Amino acid sequence: MRPSGTAAASLSLAVAATATRIHVQEQDLSSYVLPLTGSVNGGNTFPGVSLPYGMVKLGPDLYTGSDSYSGYQSNGNFIGFSLLHESGTGGAPKYGVVAQMPTTGTIDNPLTDQSVNRSQADVSRLGYYKSSLFNGITVEMGATGKAGMFKYQFPDDASDSNVIVDVSHVLPSFRGQGLGQNYLGGNISVTTTDGSIQYQGSGSYDNGWNRAPKWTVYFCGYFDQAATFKTFLGTNATGEDLSDFSDATSQDSEARLGAVFTFNTTEVTSRVGVSFISSNQACANVDREIPAGTTLDTLETNVKNTWNDQVLSKITTTDTSNSTRLQLLYSSLYHMSLIPTNKTGENPLWSSSEPYYDDIFTFWDLFRCTTALMHILQPVAYEEFIRSLVDIWRNEGFLPDGRSSFFNGATQGGSNADNVLADAYVKGVRGAIDWEDAFAAMVTDAETVPPNNNDPRDTSSSTKEGRGALPDWIDRGFITTKYRRSVSRAVEYAGNDFGLYQVAKGLGKNDEAQKYLNRSRSWRNQWNPDLEALGFTGFLGPIDEDGNFVDQDPLSCGGCYWGDDYYQGLPMEYSFNAHHDINKLVELSGGADNFTARLEKLFEGGVSSGNSQFNHTLFNPGNEPSFTSPYLFNFVGRQDLTVKNSRYVANSYYAPTAAGLPGNSDAGAMESWVLWSMIGLYPMTGQTTFLVGSPWFSDLTIDLGSDNKKLVITATGGSDTAFYVQSLRVNGEAWDKAWVTWEDVFANGGTMDFVLGSEPADWATGDAPPSPATESS
């Protein structure tokens, strides 16, 4: 139960909230957003123009011979500018379709290489993007939710000003995993009117990181200037040979096709809408969102206002002393709010009154701390998102772990939508969610073996959806090496079953609750007490098909990929991942002191043979299995070490720069981790517990979305060297626990007042955080 605040605390909350509102009114928070943050060095963020969760993400596509996941790279040649992208993904690029490419001069064959280099660095700010091409052309871009605008400036001495619309354009992959996208066919038709020209059609494609079958996008484009045009048709889906290049007004084929528009002016503007339903709907989208006469300035202003109102103003501060921290704060909020994509009204697979969200990359990346923050900052969108997940199950039979272009995949570990649903349930998300259906969807994950999709990366079981290794998990209580990623899947399956326990308990399904609580403890069967490393004994280890433990170096995961026993994490990292059963984990690790020593070893430099970019630590800030580990010190009475290590990681590996992420953004997972660090809390997904860290700002106000509820966090005595918690008051009352609950500070709002200092203090002397799956002593 949340303690009642004192009158003084209430006054403090009101004054702080008022001061923050005044501050927000005075400042355009979008000026702190640097869209290029995390766009290079493997961060793969999208730096173009988008609304929050917007369907259109308009930006450049570049060729370097390596995968351009978001379309963008800082070097290479432009091959087009397209309306659909994702942000912070991996595996293989997705989308890069509905493109235009400006050129000058006579075009004899539009299917040949039309790429061109930069003349100077791209300009990116929230709501606006500009590229300067080596041939003297500049391309400026703006966007709405379902449409985009191109403004071209051609050189004064250009003999012809051309825009090529190549329907076959798609972002390629060069990794050789069989995930590269393919153009499967399309159509285009051109209509001329007095003073302008229109084109519309569709393109079909497949593949990308989720190995999707054929999907189709429709487009509708306008130019504001009169033009001559030719349509073109190739001889196949990939080659450069022309079959037709003429004044035919339409083309329809499985071969490459498109149109070339030629203008006798140096300035041309194009408006393009997209839809997954029809060309008519694409036209309606652009006509509604970017009517003729709309300016780029108007679009930029509208985008800024939308981000300010819907996202950036959700976290505010009057502490403007450090602009770099403000840039990191608001750039991180921006990048964690680009995907998933709200495609409500654009789902071609079934009709439904429910919302529809797509482009989920992936719950394996997001469930630990991203979805919990989305819930707090975007409660309306979050409820829609949960409803969409359940509706996908209703219509397709399984919840997604990842999903894009209306197709589930890929599932890297457990069925982690279960964790997301459980987190929403225990924190009181209700609204229009049918929780009986939601629980039934979770039961499908827990009891039904999904058909094997024979993914070449792992032919042992499905990578599309569900839990492919269920036969072992149900029958044996552990997962053998018959199944790939057996160890990492086992600890994730345990967390998934704990999620089922939480929802079943809340729905009064007591038998099911007990069943899944028991199953959530089965990760313990994967614990090999004989594995040794660095003076510690006992780690999660592989088990062969005969039920015998296999010898394993706890400091190595081999290739750490689809075909290995551990996915993207070391055995030692995964051996801290039973977050619902920490007290048992502490016991198996040899008690509190040994557990503390193990955790400290994660952050010690020079221990790992890899991770050279992270000073050879076993802790990997660039991958999600390590995300929660810095905060686990709170369970064993060392909140000071939580602060020390989380603050070190954030300061060392995050910055508001193009190379400012420690790894792939993973659709905002990295950004949400550092946001929690700045806030001074960290969520335990599927539980109501938040572990206490140390806030970065002297004050921070989080808008909780309804009834003017806010969480106001203050910190006195803090500095770059003074960040250890000396004392904490929650809702005006002295607090001696290194954790708070949802009810304490989020359900109805609240206050957290920190005193910080340069040396650790033994302030958290109260109860340890809950370990809800551990049997009572």
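Our subject is the structure that appears above.
Keep in mind that what you see is a predicted model, and the values were worked out from it rather than measured.

The rules behind each value
- Residues numbered from 1 in each chain as written.
- Predicted model: local features only at pLDDT ≥ 70, side-chain atom pairs only at ≥ 80, totals over all residues.
- Heavy atoms only, no water.
- Disulfide = S-S within 2.5 Å.
- Buried < 20%, exposed > 50% of the residue type's maximum accessible area, 1.4 Å probe, protein only.
- Helix = DSSP H or I, 4+ residues; strand = E, 2+ residues; numbered from the N terminus.
- Expected span 1.5 Å × (residues − 1).
- Contact = heavy atoms within 4.5 Å.
- Core = buried A, V, L, I, M, F, W, Y, C linked by side-chain atoms within 4.5 Å.
- Polar contact = N/O pair within 3.5 Å; in protein donor to acceptor, adjacent residues only side chain to side chain.

## Looking at the state of the cysteines
Cysteine pairs can be linked by a disulfide, which is a covalent bond between their two sulfur atoms. Counted under the stated rule, the structure contains two disulfides. Between the sulfur of Cys-557 and that of Cys-560 lies a disulfide, 1.8 Å long from S to S. Of note, the bridge from Cys-557 to Cys-560 carries an S-S torsion of about 80 degrees and is right-handed in sense. Per residue, the accessibility class of Cys-557 equals that of Cys-560, and both read buried. What connects to what in the chain, once the bonded cysteines are numbered by sequence position, is 1-2, 3-4.

## Side note on helix H4 (residues 323–335)
Between its first and last C-alpha atoms H4 spans 18 Å; for 13 residues at 1.5 Å apiece the expected length is 18 Å, and the two agree. With respect to burial, H4 is a largely interior element, 10 of its 13 residues being buried. Of the residues making up H4, those classed as buried are Arg-325, Leu-326, Leu-328, Leu-329, Tyr-330, Ser-331, Ser-332, Leu-333, Tyr-334 and His-335. As for H4, its buried residues are in contact with strand S1 (49–50), helix H3 (296–310), strand S18 (315–316), helix H6 (370–377), helix H16 (639–653) and helix H17 (669–679).

## What about the nonpolar core?
Ranked by size, the top nonpolar core spans 218 residues in total, and within it Phe-261, Trp-673, Trp-676, Leu-681 and Met-752 carry the most contacts. Residue contributions to this core peak at 10 residues, all from helix H11 (residues 486–506).

## Let's talk about the side chain of Asn-611
Tracing the backbone shows Asn-611 in the loop between helix H15 (592–602) and H16. Within the local environment of Asn-611, its side chain forms a polar contact with the backbone oxygen of Thr-617, the two atoms lying 2.8 Å apart. Beyond its immediate chain neighbours, meaning those up to four positions away, Asn-611 contacts His-616, Thr-617, Leu-618, Phe-619 and Asn-620.

## Notes on H16
One turn of the α-helix equals 3.6 residues, which is why residues spaced by three or four share an orientation. Given a rise of 1.5 Å per residue, 15 residues ought to cover 21 Å, and the 21 Å separating the end C-alpha atoms of H16 matches this to within 8%. Among the 15 residues of H16, 11 are classified as buried, and the element is accordingly described as predominantly covered. Those residues of H16 that sit buried are Gln-639, Asp-640, Leu-641, Thr-642, Val-643, Asn-645, Ser-646, Arg-647, Val-649, Ala-650 and Tyr-653.

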